[in-house]
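Listed below are the residues making up each chain.
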Amino acid sequence: MFDVSHDPGRLVLGIESSCDETAASVVAGGRQVLSSVIASQVKDHAPYGGVVPELASRRHLQNLLPTVQLALRQAAVSLEDLSGIAVTQGPGLLGALLVGFSWAKAVAWASGKPIVGVSHLEGHLCALNLEDSPPPYPHLALLVSGGHTSIYVVESAVACREMGRTVDDAAGEAFDKVAKMLGLGYPGGIAIDKLAKSGNKRAYSFPRPRLRDGSLDFSFSGLKTALWQFCQTTPDYNVEDVCASFQEAVVDTLCAKMFLAARATGIKHLTLAGGVACNSRLREAFMQEGLKRGLQVTLPAPSLCTDNAAMIAAAGAARLRAGQRLSLTADAVSRLKRGGALPA
Ligand code: KG4
Ligand code: ZN
C-alpha cells in the first residue's frame with residue numbers, strides 16, 4: 001500500500017518573494033490551503049509610482065521570517081512536520097528572489113527537507129489546482145500579470161507549452177502605465193477596474209492590436225502610446241469613460257486571441273491566471289464569450305490570481321512528487337530560458 005508519510009507533496013511550505021509581496025503558505029496534498037500569508041509592500045512603493053527593487057529586497061529581508069512563522073502557526077504545523085519546501089526561483093527581481101531563495105535553501109539544508117525551485121509563472125498556472133473543481137488537462141490558460149501575458153496549453157501540473165506571448169508590454173504593465181498617465185496612482189489595474197464600472201466603454205475608440213493575422217502573440221505598447229496621445233490632445237476627457245474604453249480594448253484583444261487559440265488547438269476548457277485575471281470586465285467577457293462558443297471556463301478566485309505562496313506550494317508539490325529536487329548550489333534567475341526551464 002502507498003505510504004502517505006513518504007509523499008513529498010503531503011505538506012509543502014511555499015515561499016514567494018519575486019516582486020513586492022513576501023508570501024508564505026502551507027498546502028496539504030498540493031490542493032488544500034492550510035494557510036496563506038502575504039506581507040504586501042504596496043504602501044512602501046506607492047510614493048515612487050512603481051516597485052523600487054532595492055527597497056523590495058530590504059522589505060523581504062524584514063518580512064520573510066515573521067511571514068513564514070505566521071504561515072506555520074496558522075496551519076498549526078511545525079517545520080519538522082513538512083514533507084517539502086517549494087520556493088520561487090524566477091522570473092522576477094533578482095535581489096528580491098534571492099532573499100526567499102537563499103533562505104529556503106538554508107532551511108532545507110539545516111532541516112534535511114526536500115526542496116524544489118518553482119517558476120513563478122508555473123505557480124500562477126497551478127493556482128487553479130487550489131480551486132474546488134480544478135480544470136481538466138489539457139486546458140488553455142491565459143496568464144496575464146504585471147510582467148507576463150502568454151497563452152499556454154497546460155498539459156499537467158509540471159508541463160505546459162507556450163502558444164503566444166506579448167512582444168512588448170504585459171497587460172498588467174499597460175494597466176499600470178495608463179493609470180499613471182491618468183494620475184490614478186500605483187498599482188493602477190485595480191483603480192482602472194473600479195472607475196471603469198461607472199464609465200462608458202464605447203465613449204472612445206482605442207486600437208485593438210492584433211499583430212499578424214492568426215498570430216497568438218500580443219502587443220500593448222501601441223495602445224499605451226494611443227492613450228498617451230489621447231490624453232495630450234483631449235484635455236477635457238472623462239476619466240471613467242477613458243478607463244472603460246481602454247479596459248475594453250485590452251479585454252477584447254485578450255479574449256480574441258484566447259478564442260483563436262481554442263479554435264487552433266481544439267481545447268475546450270479555458271482558464272485565466274495572474275493578477276489581471278482579477279479584472280471584473282475580463283472575467284465577465286471571458287465567461288460570456290466562452291459559454292457562447294460552447295467552451296468550459298474556470299475562473300480562479302481573485303485571491304489566487306495575484307501573487308501568493310499557496311500557488312508556489314501547489315506547483316512545488318507536483319514537482320516534488322515528480323521526483324525533482326533543487327541543488328543547493330542552484331541560482332535564482334531573473335528571466336527564464338526559452339521553453340521556461342529553470343536551472344536545476
Ligand atoms: O500576478 P501579479 O500579482 O504580479 C505579477 O506577477 O506581475 O499581477 C500584478 C498585476 C499588476 O499589473 C496589477 O495592476 C494587475 O495585476 N491587476 C489588475 C487588477 N488587479 C491587479 N489589472 C486589472 N484589473 C484588476 N482588477
Ligand atoms: Zn505574479
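Calculation rules
- Residues numbered from 1 in each chain as written.
- Chains lettered and ligands numbered in written order.
- Predicted model: local features only at pLDDT ≥ 70, side-chain atom pairs only at ≥ 80, totals over all residues.
- Heavy atoms only, no water.
- Helix = DSSP H or I, 4+ residues; strand = E, 2+ residues; numbered from the N terminus.
- Rg over C-alpha atoms; globule rule 2.2 N^0.38 Å.
- Buried < 20%, exposed > 50% of the residue type's maximum accessible area, 1.4 Å probe, protein only.
- Contact = heavy atoms within 4.5 Å.
- Areas by Shrake-Rupley, 256 points an atom, 1.4 Å probe, with all protein chains shown as cover.
- Polar contact = N/O pair within 3.5 Å; in protein donor to acceptor, adjacent residues only side chain to side chain.
- Near = heavy atom within 4 Å.
- Donors = N, O, S within 2.8 Å, 3.2 Å for Na, K, Ca; no water.
- Tetrahedral: all angles 85-135°; square planar, octahedral: opposite > 155°, others 65-115°.
- Pairing = 2+ DSSP bridges.
- Expected span 1.5 Å × (residues − 1).
- Right-handed = clockwise from strand over helix to strand, strands pointing away.
- Axes fitted to C-alpha atoms, helices over the stretch in contact; angles between N-to-C directions.
- Parallel < 35°, antiparallel > 145°, perpendicular 65-115°, else oblique.
- Left-handed = near helix turned anticlockwise from the far one by under 90°.

This brings us to the overall build of the protein. Across its full length, the protein holds 11 helices and 10 strands. The C-alpha radius of gyration computed for the protein amounts to 20 Å, which stays within 12% of the reference 20 Å derived for 344 residues, consistent with globular compactness. Seen along its three principal axes, the alpha-carbon backbone of the protein occupies a region of about 65 × 45 × 35 Å. The buried share of the protein, reckoned over its 344 residues, is 53%. The long-range share in the protein, meaning contacts at least 24 apart out of those at least 6 apart in sequence, stands at 72%. Summing over all exposed atoms, the protein offers an accessible surface of approximately 15000 Å²; the carbon and sulfur share of this is 53%.

For Ser35, the location among the structural elements is in strand 3 (residues 32–40). Given the relative accessible area of 4%, Ser35 is considered buried. A polar side-chain atom of Ser35 sits 2.7 Å from the main-chain carbonyl oxygen of Ala71. Those residues in contact with Ser35 that sit more than four places away from it in its chain are Ala24, Ser25, Val26, Ala71, Gln74 and Ala75.

On to the site of ligand 1, then. The full set close to ligand 1 counts 19 residues, and Gly146, Asp176, Asp193, Gly275 and Asn279 are the nearest of them. One of the backbone nitrogen or oxygen atoms of Gly275 is found 2.9 Å away from an oxygen atom of ligand 1. Computed on the free molecule, ligand 1 has an accessible area of 550 Å², of which 87% lies beneath the protein chains in the complex. Looking at the shell around ligand 1, the elements that each hand over two or more residues are helix 4 (120–126), helix 5 (171–181) and helix 6 (189–196).

Right, let's talk about the side chain of Glu248 for a bit. The topology assignment puts Glu248 in helix 8 (residues 239–265). Contacts of Glu248, omitting those with residues within four sequence positions, involve Lys201, Arg208 and Arg281.

Glancing now at the coordination of the zinc ion (ligand 2). Distances from the zinc ion (ligand 2) to its protein donors, His120 (NE2), His124 (NE2) and Asp307 (OD), fall at 2.0 to 2.1 Å. Here the zinc ion (ligand 2) is ringed by 4 donor atoms whose angles at the metal span 96 to 133 degrees, and the overall shape comes out tetrahedral. Look at where the donors of the zinc ion (ligand 2) fall in the sequence and you get H-x3-H-x182-D. Of this pair, His120 and His124 both sit in helix 4, 4 residues apart, roughly one helical turn. Neither residue differs from the other here; His120 and His124 are each classed as buried.

What follows is about the pairing of strand 1 (residues 11–16). Among the 6 residues that make up strand 1, 6 are buried, leaving the element largely enclosed by the rest of the structure. With burial as the criterion, each face of strand 1 is covered, one bearing Leu11, Leu13 and Ile15 and the other bearing Val12, Gly14 and Glu16. Sheet analysis places strand 1 next to strand 2 (residues 21–28), joined by 6 bridges and oriented antiparallel. Paired with Glu16 across the bridge in strand 2 is Ala23. Counted along the chain from strand 1 to the antiparallel partner strand 2, the turn is 4 residues long.

With 12 residues, helix 11 (residues 310–321) should cover 16 Å at 1.5 Å per step; its first-to-last C-alpha distance of 16 Å lies within 8% of that length. Summarising burial for helix 11: 11 of the 12 residues are buried, a large majority. Burial in helix 11 covers these residues: Ala310, Met311, Ile312, Ala313, Ala314, Ala315, Gly316, Ala317, Ala318, Arg319 and Leu320. On the buried face of helix 11, the contacting elements are strand 1, strand 2, strand 3, strand 4 (84–90), strand 5 (115–119) and helix 4. Phi turns positive, to about 90 degrees, at Gly323, one or two residues after helix 11.

Turning our eyes to something else, we now look at the pairing of strand 9 (residues 269–273). Judged by how many residues are buried, strand 9 sits mostly within the fold: 5 of 5 residues are covered. Residue alternation in strand 9 divides its side chains into two sets, His269, Thr271 and Ala273 and Leu270 and Leu272, and both sets are buried. Of the strand pairs in this sheet, strand 9 and strand 10 (residues 296–298) are connected by 3 bridges, and their pairing is parallel. Counterpart to His269 in the pairing with strand 10 is Gln296. Regarding the hand of the β-α-β motif, the stretch spanning strand 9, helix 9 (residues 280–292) and strand 10 is right-handed.

Looking now at the packing of helix 2 (residues 53–75) against helix 3 (residues 94–111). Direction vectors running N to C along helix 2 and helix 3 enclose 30 degrees, while the axes themselves pass 9 Å from each other. On the basis of their axis angle, the class for helix 2 and helix 3 is roughly parallel. The crossing of helix 2 and helix 3 is right-handed. Along the contact surface, helix 2 presents Ser57, His60, Leu61, Leu64, Leu65 and Val68, while helix 3 presents Gly95, Ala96, Val99, Gly100 and Trp103.

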